[in-house]
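What follows is the residue order along each chain.
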Amino acid sequence: MDDLCLKFLQVGTGKAARPIAVRQRDGASQGSVPGLFWLGGFKSDMRGTKAEALDQWARDHGRAITRFDYSGHGESGGDFTHGTIGRWLEESLAVFEACCRGPQVAIGSSMGGWLALLMVRELARKAPAAAQVCGLVLIAPAVDFTEELMWQRFPEEVKRQIVETGVWERPSQYSAEPYLITRALIEDGRKHLLLGGMIETGCPVRILQGVQDADVPWQHAMELSARLARDDVVMTLVKDGDHRLSRPEDIERMIAAVAEF
């Protein structure tokens, strides 16, 4: 998708205002066939392998697709260290409500899987909108990751540094720069935890999870599926799959799951 399709949506007010970068493709059958709504992962952006593959598939099949970057990510404004689950959820909802019409398949990768579930819950609390989520495709969904996969696994000295200084530089295998884990991220994440109770999305859910995922263990995805007791859920475990699930065969699985809707 070329830069002519790039636009910015202003989210928040005053000092909290930030421009959110959005790329959108209209579908040939917009409104009758579900569009696609991409929610990326922590420190990823809408130009990643999976997002680009989805855009190409949407183009080839006449499907609408909306992609965006969270604040502090990719082409969006804002400081990454100001980012929290609540802040990124606000942006996800704002883009969905401003840019989408009709039924949508929400595809969430890693942190985007958590945000997709939170977004569906928030949309259900509102009056009927111009767009509705009719299906979810969750790729290595990192639900509750700030608590379950970060805080509870951090050594005591790391926890102490976060509490006392407000930030810890976490080394990353995906980037030369460390990930800055802030106290605000951890504390705000506790306001949005989902795994303590049942989760009702009201739509079919497809989960793709790598068994070799070092960041989101496959057992974590199994726990999530157990919380989706009333939904139509199909989980695919990829025996040799890692966290990214970006190999050609992984992309094919993602596309097949999206094509169900």
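Everything in this summary refers to the structure shown in the same document. (Residues numbered from 1 in each chain as written. Predicted model: local features only at pLDDT ≥ 70, side-chain atom pairs only at ≥ 80, totals over all residues. Heavy atoms only, no water.)

### As for the packing of aromatic side chains
Tallied over the full model, the rule gives 11 aromatic pairs. Between Phe-42 and Trp-88, the aromatic rings sit 6.1 Å apart at their centres with planes inclined by 70°, giving edge-to-face as the arrangement. Here Phe-42 is found in the loop between β3 (35-39) and α1 (49-60), whereas its partner Trp-88 is found in helix α2 (residues 85-99), with 46 residues between them in sequence. By relative accessible area, Trp-88 is classed as buried at 1%. One aromatic cluster in this structure is built from Phe-37, Phe-42, Phe-68, Tyr-70, Phe-80, Trp-88, Phe-96, Trp-114, Phe-145 and Tyr-179. Positioned above the aromatic ring of Phe-80 is the side chain of Lys-43, whose terminal nitrogen or guanidinium carbon lies 4.5 Å from the ring centre. Across from the ring centre of Trp-151, 5.2 Å away, lies the NZ or CZ of Arg-190, which sits over that ring. (Phe/Tyr/Trp six-rings, centres within 6.5 Å; stacked < 30°, edge-to-face > 60°. Helix = DSSP H or I, 4+ residues; strand = E, 2+ residues; numbered from the N terminus. Buried < 20%, exposed > 50% of the residue type's maximum accessible area, 1.4 Å probe, protein only. Lys NZ or Arg CZ within 6 Å of the ring centre and 35° of its normal.)

### Describing the packing of α1 against helix α8 (residues 248-259)
Remark: α1 packs on α8, axes separated minimally by 11 Å, with the N-to-C direction vectors making an angle of 50°. Taken as axis vectors, α1 and α8 run oblique relative to one another. Crossing angle aside, the handedness with which α1 passes α8 is right-handed. Between α1, through Thr-49, Lys-50, Ala-53, Leu-54 and Trp-57, and α8, the contact on the second element is made entirely by Ile-251, Met-254, Ile-255, Val-258 and Ala-259. Residue composition of the contact of α1 with α8, by class: eight nonpolar, one polar and one charged. (Axes fitted to C-alpha atoms, helices over the stretch in contact; angles between N-to-C directions. Parallel < 35°, antiparallel > 145°, perpendicular 65-115°, else oblique. Left-handed = near helix turned anticlockwise from the far one by under 90°. Contact = heavy atoms within 4.5 Å. Nonpolar A, V, L, I, M, F, W, Y, C, P; charged D, E, K, R; others polar.)

Functional significance is not addressed by these values, which are geometric in nature.
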